[in-house]
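Chain residues, written in single-letter form:
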Amino acid sequence: MLFTLILYSIILILIVTYIVVHVKQYEYFKVRQISGPTPSYFFGHARTLWNAKSPSRQLAEWSKQFGKIYGIFEGTRPVLIASDVDFLQEVFIKQFSHFPIRKTNILTKALNRGTRIHLFNALGTRWKRQRNVINPTFSAVKLKQMSPLINDCINELMKKLPDYSEKHEDFNIYTLYKRMTMDVICRCAFGVDTDMQNNPDNIYLKKVAQVFTIDIRKMLAFKLGTLVPSLGVTLGTLFIFLNTVKQKLNQLFPSTTKKFEQFPASWIMERVDEVIGMRSDVAKQRVDLLQLMLEAASREHIKDKNDDVNDQYIAKKLTYDEVIANVFLFMVAGYETTSTALAYCTYVLVNHPEEQLKLQHEIDEYLSQNEDGKDPDYDVINRMPYMDMVIKEVLRMHPIAISAVVNRECIEETDVCGIKITKGAVIQPDVYSVHYDQELWGPQDVNSFCPERHLTKRHPLAYIAFGVGPRNYYHSHISYYY
Ligand code: HEM
């Protein structure tokens with residue numbers, strides 16, 4: 001009892017001291033004459049965002065009240081919410097060297113001290129080095145080579161659809177898309193050929209789905225790390241240590257208790273590690289991403305010189321741990337995004353039969369020219385302008401994966417459009433307000449589905465469904481109009 005009382009008193013004293021020291025931080029936007037909703041002490045606006053059904057929608061609500069640039073706080077960290085495209089262009093493109101990273105959390109810095117770090121979280125020259133090696137694996141030539149793998153998975157899905165249509169029963173196409181995209185990713189990323197689409201209990205499918213069911217925003221360690229950033233690295237290290245312990249216990253006592261179940265991320269990485277161990281010289285014929293990365297892998301320690309992303313002399317190598325982490329990233333980054341995009345496309349097309357017919361005509365036209373009866377490949381799809389516009393318009397109206405990924409943290413004090421931004425501050429685009437800005441997307445009504453609006457050249461920052469700037473490179477072949 002006494003111990004608990006002392007513990008609570010210490011925590012209370014720490015919190016009060018913290019508030020007193022940081023209270024000044026809440027003046028951050030006032031001194032810059034930037035408006036915003038009133039913060040509550042200690043939490044800032046974090047509680048509102050944690051409780052919001054969709055944080056991205058919450059930002060759009062605030063934008064209606066406070067305009068195109070306003071300020072909020074996550075704990076005491078200042079976050080500038082922007083839907084002013086010139087301001088965003090400055091941050092994401094022109095001043096990229098001041099904003100080369102996404103918003104850091106308790107894991108970013110702790111993970112960067114370790115070896116299993118992937119592109120999404122990598123900082124400084126480590127990110128630049130990884131991009132140098134991985135960019136060529138996403139070239140048009142390599143993607144073309146993967147077309148047969150992708151077509152096999154699509155054909156598997158197509159075999160199932162007549163059954164559903166004959167039965168005249170409702171079914172959830174999103175579930176089928178999820179299985180199909182995971183099938184594509186497992187084959188293209190690391191050559192694992194499973195019967196995933198016929199086996200809903202497939203373990204890879206389950207583990208990757210679990211990565212998304214864990215909402216890290218709601219975990220105590222993450223919440224604490226947001227409110228008290230100085231605890232960040234310690235909490236992150238503890239978090240990783242705990243998972244390693246669980247992993248070891250899991251290996252020692254398999255199937256004893258669910259409590260020891262390791263995090264799905266490390267389960268997946270272990271499997272990738274096993275696949276690497278089984279790869280022999282024969283595998284060199286493969287064209288999957290794992291093989292392409294392994295060709296640039298080194299067993300030696302790679303030392304990244306400094307934090308300057310503009311450094312010209314960066315090694316063109318990856319460590320084996322980085323290969324593993326990146327295969328995991330492709331599985332996670334490609335799965336939820338692609339299947340959700342396909343589900344939205346289906347939903348929108350069902351509700352717009354005219355556009356659906358137009359798209360069908362375009363596809364039929366290309367297929368009728370295809371005399372040898374081969375499945376359409378990368379080149380054929382690239383020659384379907386209406387298809388491209390439909391996908392863009394669907395993702396303009398229903399952008400996915402946005403507020404958590406499209407943001408930047410300042411690493412060095414700078415001035416953006418007359419606003420002084422300090423190290424550690426975050427710039428968060430309000431994607432909904434940008435995508436639904438009548439001035440940027442008119443003259444057609446922004447609330448109506450109109451693929452043709454993408455024939456007009458727009459502001460380079462008007463479309464950010466795939467993010468923008470050097471950290472979005474992978475999708476640049478998709479959004480080539482902008
Ligand atoms: C409809 C499908 C997809 C959407 C909407 C989407 C969206 C996004 C967005 C918004 C970002 C953040 C970009 C930024 O910060 O500027 C991102 C980053 C990323 N995406 Fe995707 N994505 C999709 C598919 C994929 C696929 C299929 C892969 C790989 C297999 C992938 C791999 C990545 C990677 C590696 C990054 C991080 C790049 C870096 O930080 O250097 N994405 N994606």
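All values reported here derive from a predicted model rather than from experimental measurement.

> Before we go on, may I ask you to explain the overall build of the protein chain in this structure?
Scanning the protein chain for helices and strands turns up 20 helices and eight strands. In the protein chain, buried positions account for 47% of the 482 residues. Contacts spanning at least 24 positions in sequence make up 69% of the contacts within the protein chain whose residues lie at least 6 apart. Surface exposure of the protein chain reaches about 25,300 Å², of which carbon and sulfur atoms provide 58%.

> For this particular structure, what's the right way to read the nonpolar core?
General note: in soluble globular proteins, nonpolar side chains tend to be found buried as a group. Among the nonpolar cores identified, the biggest contains 51 residues, and Met182, Cys186, Phe190, Tyr204, Leu290, Val323 and Met331 are the most heavily contacted of them. Elements supplying a minimum of two residues to this core: helix H7 (124–134), helix H8 (140–167), helix H9 (173–190), helix H10 (203–213), helix H13 (264–278), helix H14 (289–294) and helix H15 (320–351). Sort the elements by how many residues they give to this core and H15 lands first, with 11 residues. In contact with Val323, not counting residues within four places along its chain, are Ile276, Leu290, Met293, Leu294, Ala297 and Leu318.

> Sorry, what's going on with a nonpolar patch on the surface here?
On the surface, a cluster of nonpolar side chains totalling about 520 Å² of accessible area is made up of Leu2, Leu5, Ile6, Ile10 and Leu14. Leu14 sits in the exposed class, given a relative accessible area of 56%.

> Just checking my understanding: could you explain the side chain of His118 for this structure?
Within the secondary structure, His118 sits in the loop between helix H6 (106–113) and H7. Leave out the neighbours within four places in its chain, and His118 touches Gln130, Ala325, Asn326, Phe328 and Leu329.

> I keep staring at the environment of Leu88 and nothing clicks. Help me out?
Tracing the backbone through its elements, the reader meets Leu88 in helix H5 (residues 85–94). With relative accessibility at 0%, the residue Leu88 sits in the buried group. Residues Leu88 and Leu461 lie 373 residues apart in sequence; the distance between their C-alpha atoms is 7.0 Å. Excluding residues that lie within four positions of it along the chain, Leu88 makes contacts with Ala82, Ser83, Ile93, Ile427, Pro429, Val434 and Leu461.

> It is not clear to me how H9 should be interpreted in this structure. Could you clarify?
Residue pairs spaced three or four apart in an α-helix point in one direction, given the helix's 3.6 residues per turn. In a regular helix each residue adds 1.5 Å, so 18 residues correspond to 26 Å; H9 covers 26 Å between its end C-alpha atoms and thus fits that length. Among the 18 residues that make up H9, 14 are buried, leaving the element largely enclosed by the rest of the structure. Capping of H9 at its N-terminal end is provided by Asn172; its side-chain oxygen lies 3.0 Å from the backbone amide nitrogen of Tyr174. Directly after H9, the chain includes Gly191, whose backbone phi takes a positive value near 65°.

> For this particular structure, what's the right way to read the sheet that holds strand S2 (residues 77–82)?
Reading across from one edge, S1-S2-S8-S5 is the order of the four strands in this open sheet, with mixed pairing throughout. The open sheet terminates on both sides in strands that have one partner only, identified here as strand S1 (69–74) and strand S5 (408–409). Taken together, the six bridges between S1 and S2 define a ladder with antiparallel strand orientation. Bridging from a neighbouring strand, Glu74 pairs with Arg77 of S2. Packed onto the sheet, H5 meets S1, S2, S5 and strand S8 (426–429) and runs at close to 125° relative to S8.

> Which parts of the structure should I look at to understand the environment of Phe87?
Topologically, Phe87 is positioned in helix H5. Residue classification places Phe87 among the buried residues on the basis of a relative accessible area of 1%. Those residues in contact with Phe87 that sit more than four places away from it in its chain are Ile69, Leu80, Ala82, Val416, Cys417, Ile419, Ile421 and Ile427.

> How should the pairing of S8 be read in this particular structure?
The side chains of a regular strand alternate, residue by residue, between the two faces of the sheet. Residue alternation in S8 divides its side chains into two sets, Val426 and Gln428 and Ile427 and Pro429, and both sets are buried. In terms of strand pairing, S2 meets S8 through four bridges, oriented parallel. Within the sheet, the bridge partner assigned to Leu80 lies in S8 and is Ile427. Inspection of the sheet shows S5 paired to S8 by two bridges, in the antiparallel sense.

> Please clarify how unusual backbone geometry should be interpreted in this entry.
With the exception of glycine, most residues fall at negative phi, and the peptide bonds are largely trans. Backbone torsion omega between Gly442 and Pro443 reads 5°, so that peptide bond is classified as cis. Here Pro443 is to be found in the segment after helix H20 (438–441). For His168, which is not glycine, the phi torsion reads 55° and is therefore positive. Topologically, His168 is positioned in the loop between H8 and H9.

> Would you mind showing me how to read the pairing of S2 here?
Burial analysis of S2 places six of its six residues in the buried class, the great majority of the element. A two-sided burial pattern is seen for S2, the buried positions comprising Arg77, Val79 and Ile81 on one face and Pro78, Leu80 and Ala82 on the other.

> Explain the packing of H7 against H15 here, please?
Angle between the axes and distance between the axes: these two values describe a pair of packed helices. Viewed as axis vectors pointing N to C, H7 and H15 meet at an angle of 75°, and their least axial separation amounts to 12 Å. Classified by the angle between their axes, H7 and H15 sit roughly perpendicular to one another. Two secondary-structure elements touch here, H7 through Arg126, Arg129, Gln130 and Ile134 and H15 through Glu322, Asn326 and Phe330. Of the residues that constitute the contact of H7 with H15, the class distribution is two nonpolar, two polar and three charged.

> What is the right way to read the confidence of the model for the protein chain from this model?
Any residue range with low pLDDT should be treated as having predicted coordinates unsuitable for detailed reading. Of all residues in the protein chain, 89% have pLDDT values of 70 or greater, and the mean over the chain is 84. Note that residues 477–482 has pLDDT below 50 and, in this model, 17 contacts with residues that lie over four places away or in other chains.

> Help me understand the packing of aromatic side chains in this model?
Two aromatic rings, taken as a pair, are described by how far apart their centres are and by the angle between their planes. Taken as a whole and assessed by the stated rule, the structure comprises 11 aromatic pairs. A ring pair is formed by Phe42 and Phe43, whose centres lie 5.5 Å apart and whose planes are at 75°; its orientation type is edge-to-face. A residue is classified by how much of its surface remains accessible, and Phe42, at 13% relative accessible area, is buried. For the pair Phe96 and Trp127, a centre-to-centre distance of 5.7 Å together with 55° between the ring planes defines the contact as tilted.

The rules behind each value
- Residues numbered from 1 in each chain as written.
- Predicted model: local features only at pLDDT ≥ 70, side-chain atom pairs only at ≥ 80, totals over all residues.
- Heavy atoms only, no water.
- Helix = DSSP H or I, 4+ residues; strand = E, 2+ residues; numbered from the N terminus.
- Buried < 20%, exposed > 50% of the residue type's maximum accessible area, 1.4 Å probe, protein only.
- Contact = heavy atoms within 4.5 Å.
- Areas by Shrake-Rupley, 256 points an atom, 1.4 Å probe, with all protein chains shown as cover.
- Core = buried A, V, L, I, M, F, W, Y, C linked by side-chain atoms within 4.5 Å.
- Patch = residues over 30% accessible without salt bridge, like charges linked within 9 Å, V, L, I, M, F, W, Y side chains within 5 Å.
- Salt bridge = Lys/Arg side-chain N within 4 Å of Asp/Glu carboxyl O.
- Expected span 1.5 Å × (residues − 1).
- Polar contact = N/O pair within 3.5 Å; in protein donor to acceptor, adjacent residues only side chain to side chain.
- Pairing = 2+ DSSP bridges.
- Axes fitted to C-alpha atoms, helices over the stretch in contact; angles between N-to-C directions.
- Parallel < 35°, antiparallel > 145°, perpendicular 65-115°, else oblique.
- Nonpolar A, V, L, I, M, F, W, Y, C, P; charged D, E, K, R; others polar.
- pLDDT = per-residue confidence, 0-100.
- Phe/Tyr/Trp six-rings, centres within 6.5 Å; stacked < 30°, edge-to-face > 60°.

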